[in-house]
Amino acid sequence: MKLYNTASRKLEEFKPLGEVVKIYTCGPTVYSDPHIGNYAAYAYWDLLVRTLLANGYAVKRVLNLTDVGHLVSDGDTGEDKLEKGAAREGKSPYEVAEHYIKVYLDNYAKMEFLPADVIARATDYIEADMQAVDLMTEHGFTYETRDGVYFDTSKFEKYAEFARLDLEGLQAGARVGFSSEKRNASDFAVWKFIQPGEKHAMRWDYLGRPGYPGWHLECSTIIHETLGEPIDIHTGGIDHIPVHHTNEIAQSFAAYGHELSRYWLHCDFITIDGQKISKSLGNVYTLEDLAERGFSPMDYKMWLLSGHYQGTRNFTFESLAGAQARRLAWRARIAECYQRDVVSDTDAYDKVLAAVSNNLNSAEAFAVVDSVVLGLEDWRKVDELFGLRLMADTPDVSDDVYALIRERDTARAEKDYAKSDELRDKLLAQGIALNDTPGGAVWYYNS
Ligand code: AMP
Ligand code: ZN
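Residues numbered from 1 in each chain as written. Chains lettered and ligands numbered in written order. Predicted model: local features only at pLDDT ≥ 70, side-chain atom pairs only at ≥ 80, totals over all residues. Heavy atoms only, no water.

**Student:** Please clarify how the coordination of the zinc ion (ligand 2) should be interpreted in this entry.
**Tutor:** Geometrically, a metal with four donors at the corners of a regular tetrahedron has ideal angles of 109.5 degrees, and one with six donors at the corners of a regular octahedron has ideal angles of 90 or 180 degrees. Taken together, the protein ligands of the zinc ion (ligand 2) are Cys26 (SG), Cys219 (SG), His244 (NE2) and Glu248 (OE), with distances of 2.1 to 2.2 Å. Relative to the metal, the four donor atoms surrounding the zinc ion (ligand 2) lie at angles of 81 to 127°, and the coordination shape comes out irregular. Read in sequence order, the donor residues for the zinc ion (ligand 2) give the motif C-x192-C-x24-H-x3-E. Of this pair, Cys219 sits in helix α6 (residues 217-226) while His244 sits in helix α7 (residues 241-256); the two residues are 25 residues apart in sequence, bridging distant segments of the chain. With respect to burial, Cys219 and His244 carry one shared label: buried. (Donors = N, O, S within 2.8 Å, 3.2 Å for Na, K, Ca; no water. Tetrahedral: all angles 85-135°; square planar, octahedral: opposite > 155°, others 65-115°. Helix = DSSP H or I, 4+ residues; strand = E, 2+ residues; numbered from the N terminus. Buried < 20%, exposed > 50% of the residue type's maximum accessible area, 1.4 Å probe, protein only.)

Structure below.
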């Protein structure tokens, strides 16, 4: 397998560190309804896991759920997103987290994402967070201000390396809103103190005062506790490169003295009708919005995988309709396999797997599927590789239905078109469409 490694900015041959490939995916902040863009990353990382499995690797994968500490701004200012959600909904932040975790996990299942081996909630790792801050302090990487414990990025020599940051430029541009107590513009909070009078329902006593962990910290501690660094592959969106992942790398090194991850994969953002997804543009579509327009989660996954994770993808309902039609065409081909002996082209499945094993090029792999002949067993493998419910949504039809199809073939052969049309409509009412071929009609599910 080949993967593009953000750390080296190169396409690299994948070499696992041990027997089980350790993967960590930065998960959602559970404070509001996810929009379709939020599923992009998980679809591509699901493909990553499926591709590793198809190549014979064993995988242990951890996904975190951020239920505390993610501030509205990446710069350690603004409200905590969970507290904001709580104020909006008149609930406690714990209730907000509970609700949106359920929404996320329900939708993960609808998207046919393989369940992670560990789903870690940030609030279950607060003790580990405190221990990590203690270690960073012991190793001389932190300093305290009135509003928290900060990571001194000047103490970590390689801080700028991962994201190729221009630290001098950052420093020069950082005057506005820059806490005078922060030593460097790029320093970040590993722990925040709750100020007297400040409302913050989620709070833990540490260093003699109430507070809560900085957002970036949870990923370092969860990886330490569940996988152990270094891990093989760390994944996220490109927005995570300059701050979140850069800070995770710094913290893990400062606390535990290890490299965090060998490979780093980042997916690009999707736009909608050429614009970013935002409330003000009214394009914050959810999976439910797509369902109302007649598109299933599998249609959307088909759309996501028909492009490459590193490309900017522009979502339109026309292109979604195209993906839906393509999926239906694949299912019609599977239906045909139930009715005739279809023999795969030589190495057909291997070609599909080879395409996707080349830096998860699902776009290329889809083109291969379009161009080769696949028999039923190979379709099963293709379905497992992409997780598109192709087989589940295309069960073989009953003997009664076959009898109706043959009855209609006979009517057509006898040129009894009234009867043949009547039977066609009867089948269509059951969601079964027909394709007339010289060898008789073949059916497919028309939904
Ligand atoms: P948010 O809750 O808006 O911060 O989004 C959580 C994560 O979802 C982000 O860190 C991104 O990695 C990802 N994400 C958000 N919007 C998009 C998008 N339009 N396309 C792809 N990924 C996105
Ligand atoms: Zn993370």
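**Student:** For this particular structure, what's the right way to read the nonpolar core?
**Tutor:** Nonpolar side chains tend toward joint burial in soluble globular proteins. Judged by nonpolar contacts, the single largest core of 77 residues is most densely connected at Leu48, Ile233, Tyr300, Phe315, Trp379 and Phe386. With 11 residues, the single largest contributor to this core is helix α1 (residues 38-54). Both domains that furnish three or more residues to this core are identified here as domain 1 (2-267) and domain 2 (289-386). In this structure Trp379 touches Trp330, Arg333, Ile334, Cys337, Val369, Leu374, Leu390 and Met391, once residues within four positions along its chain are discounted. (Core = buried A, V, L, I, M, F, W, Y, C linked by side-chain atoms within 4.5 Å. Domains from an automatic or database assignment. Contact = heavy atoms within 4.5 Å.)

**Student:** Would you mind showing me how to read the side chain of Glu83 here?
**Tutor:** Examined against the element boundaries, Glu83 turns out to sit in helix α2 (residues 81-89). An unpaired buried charge is present at Glu83: no salt bridge exists, and Lys199, the closest side chain of opposite charge, is 6.2 Å distant. Engagement of the side chain of Glu83 in a polar contact is seen with the backbone nitrogen of Ala201, the distance being 2.9 Å. Here Met202 takes part through its backbone nitrogen, which lies 3.1 Å from a polar atom of the side chain of Glu83. (Lys, Arg positive; Asp, Glu negative; His and termini not counted. Salt bridge = Lys/Arg side-chain N within 4 Å of Asp/Glu carboxyl O. Polar contact = N/O pair within 3.5 Å; in protein donor to acceptor, adjacent residues only side chain to side chain.)

**Student:** I keep staring at unusual backbone geometry and nothing clicks. Help me out?
**Tutor:** It is generally the case that most residues other than glycine have a negative phi and that most peptide bonds are trans. Going from Glu229 to Pro230, the amide bond is cis rather than trans, its omega being -5°. Here Pro230 shows up in the loop between α6 and β11 (231-237). In this structure, Leu207 is a non-glycine residue whose phi angle is positive, near 55°. Summarising the element assignment, Leu207 is placed in the loop between β9 (204-206) and β10 (209-213). Positive phi outside glycine occurs at Leu360, with the angle close to 55°. In this fold, Leu360 is placed in the loop between α11 (348-357) and α12 (362-371).

**Student:** Even after reading the chapter, I still don't get the pattern of salt bridges, so can you show me in this structure?
**Tutor:** Side-chain pairs of opposite charge can arise where the charged atoms are in close proximity. Under the counting rule described, the total for this entry stands at 26 salt bridges. With a shortest N-O distance of 3.1 Å, Asp147 and Lys192 are connected by a salt bridge. Taken together, the positions of Asp147 in the loop between β6 (142-145) and β7 (148-151) and Lys192 in strand β8 (residues 188-193) put the pair 45 residues apart, joining distant regions of the chain. According to the relative accessible area criterion, Asp147 is partly exposed, its value standing at 23%. Within the structure, one salt-bridge network assembled from shared partners comprises Glu112, Arg327, Arg389 and Asp393.

**Student:** Would you explain the sheet that holds strand β5 (residues 118-121) in this entry?
**Tutor:** What holds strands together in a sheet is hydrogen bonding between their backbones, with the strands either parallel or antiparallel. Sheet architecture is open: five strands sit in the order β5-β4-β3-β11-β12, paired in parallel fashion. Pairing within the sheet leaves two strands with one partner each, and these edge strands are β5 and β12 (261-267). Within this sheet the neighbouring strands show an average axis-to-axis angle of 20°, counted without direction. Inspection of the sheet shows strand β4 (residues 58-65) paired to β5 by four bridges, in the parallel sense. The partner of Leu65 across the bridge, within β5, is Arg121. α6 contacts β3 (20-25), β4, β5 and β11 of the sheet and is inclined by roughly 145° relative to β4. (Pairing = 2+ DSSP bridges. Axes fitted to C-alpha atoms, helices over the stretch in contact; angles between N-to-C directions.)

**Student:** Teacher, can you tell me more about the environment of Val372 here?
**Tutor:** On the secondary structure map, Val372 appears in the loop between α12 and α13 (376-386). Along the chain, Val372 and Val118 lie 254 residues apart, while their C-alpha atoms are 37 Å from each other.

**Student:** Help me out: how do you make sense of the packing of aromatic side chains in this one?
**Tutor:** Given two aromatic rings, their pairing is described by the distance between the two centres and the angle made by the two planes. By the definition in use, this model includes 25 aromatic pairs. Between Phe141 and Phe151, the aromatic rings sit 5.7 Å apart at their centres with planes inclined by 25°, giving stacked as the arrangement. Of this pair, Phe141 sits in the loop between α4 (126-138) and β6 while Phe151 sits in strand β7, and the two are 10 residues apart along the sequence. Comparing Phe141 with Phe151 shows no difference in burial state: the two are buried. Here the aromatic rings of Trp191 and Tyr206 are separated by 5.0 Å at their centres, their planes lie at 70°, and the arrangement is edge-to-face. Here the residue Trp191 occupies a position in strand β8, and Tyr206 occupies one in strand β9, the gap between them amounting to 15 residues. A relative accessible area of 8% means that Tyr206 is categorised as buried. An aromatic cluster is built from Tyr285, Phe295, Tyr300, Trp303, Phe315 and Phe317, whose rings are joined through pairwise contacts. (Phe/Tyr/Trp six-rings, centres within 6.5 Å; stacked < 30°, edge-to-face > 60°.)

**Student:** Mind showing me how you'd approach α2 here?
**Tutor:** Because each turn of an α-helix spans 3.6 residues, side chains separated by three or four positions end up pointing in the same direction. Of all the residues in α2, the buried ones are Lys81, Leu82, Glu83, Gly85 and Ala86. In this structure, the buried side of α2 is in contact with α3 (93-110). Its side-chain oxygen at 2.8 Å from the backbone nitrogen of Leu82, Asp80 defines the N-terminal cap of α2. Of the residues trailing α2, Gly90 is marked for its positive phi of about 60°.

**Student:** Honestly, the site of ligand 1 in this entry has me stumped. Any pointers?
**Tutor:** Near ligand 1 you find His35, Gly37, Asn38, Ala40, Lys81, Gly237, Asp239, His240, Asp268, Phe269, Ile270 and Ile277, and these make up its full shell. The separation between a nitrogen atom of ligand 1 and a polar main-chain atom of Gly37 is 3.1 Å. With the chains in place, 82% of the 480 Å² that ligand 1 exposes on its own is no longer accessible. Tallied by class, residues from the shell around ligand 1 come to four nonpolar, five polar and three charged. (Near = heavy atom within 4 Å. Areas by Shrake-Rupley, 256 points an atom, 1.4 Å probe, with all protein chains shown as cover. Nonpolar A, V, L, I, M, F, W, Y, C, P; charged D, E, K, R; others polar.)

**Student:** Help me out: how do you make sense of the packing of α4 against α7 in this one?
**Tutor:** The angle between the axes and the distance between the axes are what describe a pair of packed helices. Contact geometry for α4 and α7: axes closest at 7 Å, N-to-C directions at 75°. Judged by the angle between their axes, α4 and α7 are roughly perpendicular. Together, Ala132, Leu135 and Met136 of α4 and Gln251, Ala254, Ala255 and Tyr256 of α7 make up the contact between the two elements. The class makeup of the residues in the contact of α4 with α7 is six nonpolar, one polar and no charged. (Parallel < 35°, antiparallel > 145°, perpendicular 65-115°, else oblique.)

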